[in-house]
Amino acid sequence: MKYIYLLLAVGFLTVSCEPKFDEPTETLETLPVSQVTIPVKYAKDSITEIQVQYIRPTVCHSFYDFYYERSGLNRTVAIIAFKQNGGTACPPSQLSYTAILKFKPANLGTYHFKFWTSTDAQGVDQFIEYDAIVNH
């Protein structure tokens, strides 16, 4: 029984001595799209690759995923980046990178894509817009 109490005491001491972190070491951020290479016509149930270019603001940012919102035949897209906040300086980076968005239309019709580019001075989202015609 004494051993159980001793193990519990050591366990509580170990847990209570863990360092506390005030800020997360990784965060997710939305980055604007700078350019898009998109075909005009698509085939239903076929995967088409759309090249989406963005600029990493620092070397601590890396591609994580796409923000992808569907509403009928409308699609809103942005880049989600993973940022490491490891306490070291993050030098600026203005290099352009390309991420591939795989699009597989399930219906015939005209899909309307809006790629987020920024927010203006009034807080209104700005987009590059394209139509994708799915006709076969």
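Residues numbered from 1 in each chain as written. Predicted model: local features only at pLDDT ≥ 70, side-chain atom pairs only at ≥ 80, totals over all residues. Heavy atoms only, no water.

Now for the overall build of the protein chain. When helices and strands are counted, the protein chain shows 1 helix and 9 strands. Expressed as a percentage of the 136 residues in the protein chain, the buried residues total 26%. The long-range fraction of contacts in the protein chain, counting pairs at least 24 apart against all pairs at least 6 apart in sequence, stands at 64%. Total accessible area computed for the protein chain in this model is approximately 9,300 Å², and 57% of it derives from carbon and sulfur atoms. (Helix = DSSP H or I, 4+ residues; strand = E, 2+ residues; numbered from the N terminus. Buried < 20%, exposed > 50% of the residue type's maximum accessible area, 1.4 Å probe, protein only. Contact = heavy atoms within 4.5 Å. Areas by Shrake-Rupley, 256 points an atom, 1.4 Å probe, with all protein chains shown as cover.)

Backbone phi values are negative for most residues with the exception of glycine, while trans is the configuration of most peptide bonds. Phi at Asp 45 is positive, roughly 60°, even though this residue is not glycine. Along the polypeptide, Asp 45 turns up in the loop between β3 (41-42) and β4 (48-55). Classification of Asp 45 by relative accessible area gives partly exposed; the value is 48%.

The next point concerns the confidence of the model for the protein chain. Averaged over every residue, the pLDDT of the protein chain is 85; residues scoring 70 or more account for 82%. For the stretch residues 2-7, pLDDT sits under 50, and the model shows 0 contacts to residues farther than four places along the chain or on other chains. (pLDDT = per-residue confidence, 0-100.)

Quick look at the state of the cysteines now. Each disulfide is one covalent bond, formed between the sulfur atoms of two cysteines. Under the criterion given, the structure shown has 1 disulfide. Here Cys 60 connects covalently by a disulfide to Cys 90, the sulfurs 1.9 Å from one another. Disulfide Cys 60-Cys 90: torsion about the S-S bond near -95°, hence left-handed. Of this pair, Cys 60 sits in the loop between β4 and β5 (61-71) while Cys 90 sits in the loop between β6 (74-84) and β7 (96-103), and the two are 30 residues apart along the sequence. Given a relative accessible area of 12%, Cys 60 falls into the buried group. On the basis of relative accessible area, Cys 90 is assigned to the partly exposed category, the value being 25%. (Disulfide = S-S within 2.5 Å.)

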